[in-house]
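Here are the chains, one letter per residue:
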Amino acid sequence: MASTRLCKKEILTDILVRLPAKTLVRFLCACKSWSDLINNSSFITTQLNRNVTKHLHVSLLCLHYPDLKRPFEFYENYDDFPDLKRELEWSLFSNETFEHCSKLSHPLGIKKDYRVYGSSNGLVCISDDTLDTKSPIHIWNPSVRKFRTLPMSTNPNVKFRYIALQFGFHPGVNDYKVVRMLRVHKDDAFAVEVYSLSTDSWKMVEEHPLWLKCTWQNHRGTFYNGVAYHIIEKFPLFSIMSFDSGSEKFEEFIAPDAIRCWPRLYIEVYKDQICLLYYLRLFHCEEAGMSQIEFWVLQEKRWKQMRPFIYPANNYFVVGFSIDNELLMQRSTYGNALYLCNYESKQDRETGIELAISRNDPEQLLFVFTYIESLILLNC
């Protein structure tokens with residue numbers, strides 16, 4: 001009899017683990033045994049691992065203009081397009097069909113603009129569009145409608161020149177981390193704080209390498225496997241700074257000699273490797289009707305140059321990579337249309353998504369994240 005009950009539980013688990021997170025949340029009210037199963041940490045981990053390994057229940061999380069319709073040729077100036085004056089929205093779009101799935105309103109019902117600073121395993125890190133040390137930070141799971149508000153910074157009153165916020169999962173310590181980096185006014189010093197979801201606390205990192213104690217400009221960054229990466233400019237050189245949020249160790253990787261201009265330089269993750277993408281010569285390619293981006297991957301702490309990323313010549317600019325390792329690009333001819341470009345086939349695909357530029361971003365960055373449904377924070 002016991003083995004029969006176990007077999008039934010395994011069958012039920014195998015069925016339920018395949019369902020979307022929002023459906024599982026509704027099933028919590030079906031009966032106590034289902035609620036206990038779905039809330040179980042083992043079930044939550046199994047469901048997440050299945051989605052991650054098989055790329056199931058995946059969406060593109062985008063900042064976009066709502067109901068933006070083309071064609072644009074009916075307007076002499078793009079700035080005159082009426083929808084551009086409307087409220088910006090964060091939304092989830094299908095990773096396969098690019099259909100609009102759901103709008104993500106702020107979990108506290110706040111109407112002002114907010115920004116996503118990272119997405120990992122169904123959790124997103126959000127805060128004010130314009131950051132300061134007192135900006136509230138939330139880790140949020142939109143699928144289960146649960147969030148956690150982080151405690152206040154250890155140095156809420158520090159005066160700063162620059163602040164960066166990053167978020168992700170660190171597999172080495174099995175924890176979710178938020179990394180906040182600041183360049184403070186005093187002596188152009190550098191400060192790093194790390195938040196741990198498991199302890200719900202911040203920690204100030206006291207020790208910094210000597211090569212960081214100089215005047216430098218911070219540009220784009222990415223976060224992968226618990227490590228924060230930033231492009232830093234120490235004129236005339238460019239470097240990649242890495243900071244491991246688990247070990248709290250820094251490393252520096254000098255960029256390839258060909259890189260001389262930061263606005264055309266991007267740091268991303270391609271096939272589980274940190275990579276650099278660089279427009280050496282804008283809109284130039286030996287193949288007719290094509291453009292190319294120089295491409296390096298970080299292997300054994302050295303940059304290995306790969307075959308250039310070649311794509312149709314249509315005024316594209318890098319946004320990031322999809323979960324399927326296709327290059328996410330903005331076509332700027334008309335608006336900020338999102339396209340996917342394949343490294344192997346050199347073909348592009350239109351998504352029909354029109355990205356929006358944050359109103360308060362001097363770099364005019366575009367935001368697209370991969371979002372994978374999970375039940376994390378369900379039982380918090």
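Since this is a predicted model, take the numbers as computed values, not measurements.

Engineer: Tell me what's going on with the pairing of strand β8 (residues 160-170), and back it up with residues and numbers.
Structural biologist: Pairing analysis gives 10 bridges linking β8 to strand β9 (residues 175-184), with the strands arranged antiparallel. Looking across to β9, one finds that G168 is bridged to K177. Joining the antiparallel neighbours β8 and β9 is a turn of four residues, in which N174 adopts a positive phi near 50 degrees.

Engineer: Explain the nonpolar core to me, and be specific about the residues and the numbers.
Structural biologist: Nonpolar side chains tend toward joint burial in soluble globular proteins. Ranked by internal contacts, the top residues of the largest apolar core, which has 32 residues, are F43, L123, I139, V178 and L375. Elements supplying a minimum of two residues to this core: α2 (21-27), α3 (32-39), α4 (41-54), β5 (123-128), β8, β9 and β10 (190-196). Counting residues per element, this core draws most heavily on β9, at four residues. Here this core spans two domains, since at least three of its residues come from each of domain 1 (8-39) and domain 2 (47-372). Formed by 19 residues, the second largest nonpolar core is a distinct cluster that contains Y266, Y270, C275 and Y316.

Engineer: Can you break down the packing of aromatic side chains residue by residue, with the values?
Structural biologist: This structure, assessed with the given rule, holds 21 aromatic pairs. Measuring from ring centre to ring centre gives 6.2 Å for F190 and F250, while their planes differ by 65 degrees; the resulting arrangement is edge-to-face. Pair noted here: F190 is in strand β10 and F250 is in strand β15 (residues 250-254), with a separation of 60 residues, a long-range link. Here the two residues F190 and F250 agree in accessibility, since each one is buried. Look at Y270 and Y343: their rings are 5.8 Å apart centre to centre, the planes differ by 70 degrees, and that puts the pair in the edge-to-face class. One end of the pair, Y270, is in strand β16 (residues 265-270); the other, Y343, is in the loop between β22 (337-341) and β23 (348-354), with 73 residues separating them in the sequence. Like Y270, the residue Y343 is buried in the burial classification. Joined through ring pairs, the aromatic side chains of W90, Y114, W140, F367 and F369 make up one cluster. The ring of W202 has R180 sitting right over it, with the charged end atom 4.2 Å from the ring centre.

Engineer: Can you tell me about the side chain of H138, naming the residues and giving the values?
Structural biologist: Take H138: it is sitting in strand β6 (residues 138-141). By relative accessible area, H138 is classed as buried at 4%. Among the polar contacts listed, one links the side chain of H138 to the side chain of T149, at a separation of 2.9 Å. Setting aside anything within four residues of it in sequence, one finds H138 in contact with H106, L108, V124, C125, I126, F147, R148, T149 and L150.

Engineer: Describe the side chain of S94, with residues and values.
Structural biologist: Within the fold, S94 resides in strand β2 (residues 89-94). Apart from the residues lying within four places of it in its own chain, the contact partners of S94 are V58, E99 and C101.

Engineer: Go over the sheet that holds strand β21 (residues 327-331), please, and point to the residues and values.
Structural biologist: Taken in spatial order, the four strands of this open sheet run β20-β21-β22-β23, and their pairing is antiparallel. The strands lining the two open edges of the sheet, one partner per strand, are β20 (316-321) and β23. In this sheet, adjacent strand axes meet at a mean angle of 30 degrees when their direction is disregarded. Of the pairings in the sheet, the one linking β20 to β21 comprises five bridges and is antiparallel in character. The partner of G320 across the bridge, within β21, is L328.

Engineer: Got a sec to walk through the sheet that holds strand β19 (residues 302-312)? Specific residues and values, please.
Structural biologist: The pairing of strands in a sheet happens through backbone hydrogen bonds and is either parallel or antiparallel. Read from one edge of the open sheet, four strands run β16-β17-β18-β19, paired in antiparallel fashion. Two strands bound the open sheet, and with one partner strand each, they are β16 and β19. Neighbouring strand axes in the sheet, compared pairwise and without regard to direction, differ in orientation by 30 degrees on average. Note that strand β17 (residues 273-278) and strand β18 (residues 290-299) share four bridges and pair antiparallel. Each residue of the ladder has a partner; that of L277, found in β18, is F295.

Engineer: Pulling in residues and values, what's your account of α4?
Structural biologist: Here α4 contains 14 residues, and its C-alpha end-to-end distance of 20 Å stays within 8% of the 20 Å for a straight helix at 1.5 Å per residue. Those residues of α4 that sit buried are F43, I44, Q47, L48, R50 and N51. Around the axis of α4, the buried residues are gathered within 160 degrees of arc, so they sit on the same side. Turned more than 90 degrees from where α4 packs its buried face, S41 and T53 sit exposed. Sitting at the amino-terminal end of α4 is N40, which places a side-chain oxygen 2.8 Å from the backbone nitrogen of S42. Once α4 finishes, H55 follows within two positions and takes phi at roughly 55 degrees, a positive value.

Engineer: I'd like to hear about α3, residue by residue, with values.
Structural biologist: Structural remark: α-helix, 3.6 residues per turn; residues separated by three or four positions point the same way. Restricting attention to buried positions, one finds in α3 the residues S35, L37 and I38. Taken end-on, α3 shows its buried residues confined to a sector of 165 degrees, consistent with a single buried face.

Engineer: Before we move on, could you go through the UniProt feature "domain: F-box" (unreviewed entry) in the protein and cite the residues and values that matter?
Structural biologist: Mapped onto the present numbering, the UniProt feature "domain: F-box" (unreviewed entry) falls on residues 10-42. Between the end C-alpha atoms of residues 10-42 there is a gap of 12 Å, over a span that is 73% helix and 0% strand.

Definitions and limits used
- Residues numbered from 1 in each chain as written.
- Predicted model: local features only at pLDDT ≥ 70, side-chain atom pairs only at ≥ 80, totals over all residues.
- Heavy atoms only, no water.
- Pairing = 2+ DSSP bridges.
- Helix = DSSP H or I, 4+ residues; strand = E, 2+ residues; numbered from the N terminus.
- Core = buried A, V, L, I, M, F, W, Y, C linked by side-chain atoms within 4.5 Å.
- Buried < 20%, exposed > 50% of the residue type's maximum accessible area, 1.4 Å probe, protein only.
- Domains from an automatic or database assignment.
- Phe/Tyr/Trp six-rings, centres within 6.5 Å; stacked < 30°, edge-to-face > 60°.
- Lys NZ or Arg CZ within 6 Å of the ring centre and 35° of its normal.
- Polar contact = N/O pair within 3.5 Å; in protein donor to acceptor, adjacent residues only side chain to side chain.
- Contact = heavy atoms within 4.5 Å.
- Axes fitted to C-alpha atoms, helices over the stretch in contact; angles between N-to-C directions.
- Expected span 1.5 Å × (residues − 1).
- Arc of directions from axis to C-beta.
- UniProt positions renumbered as here; feature names shortened; annotations may be inferred.

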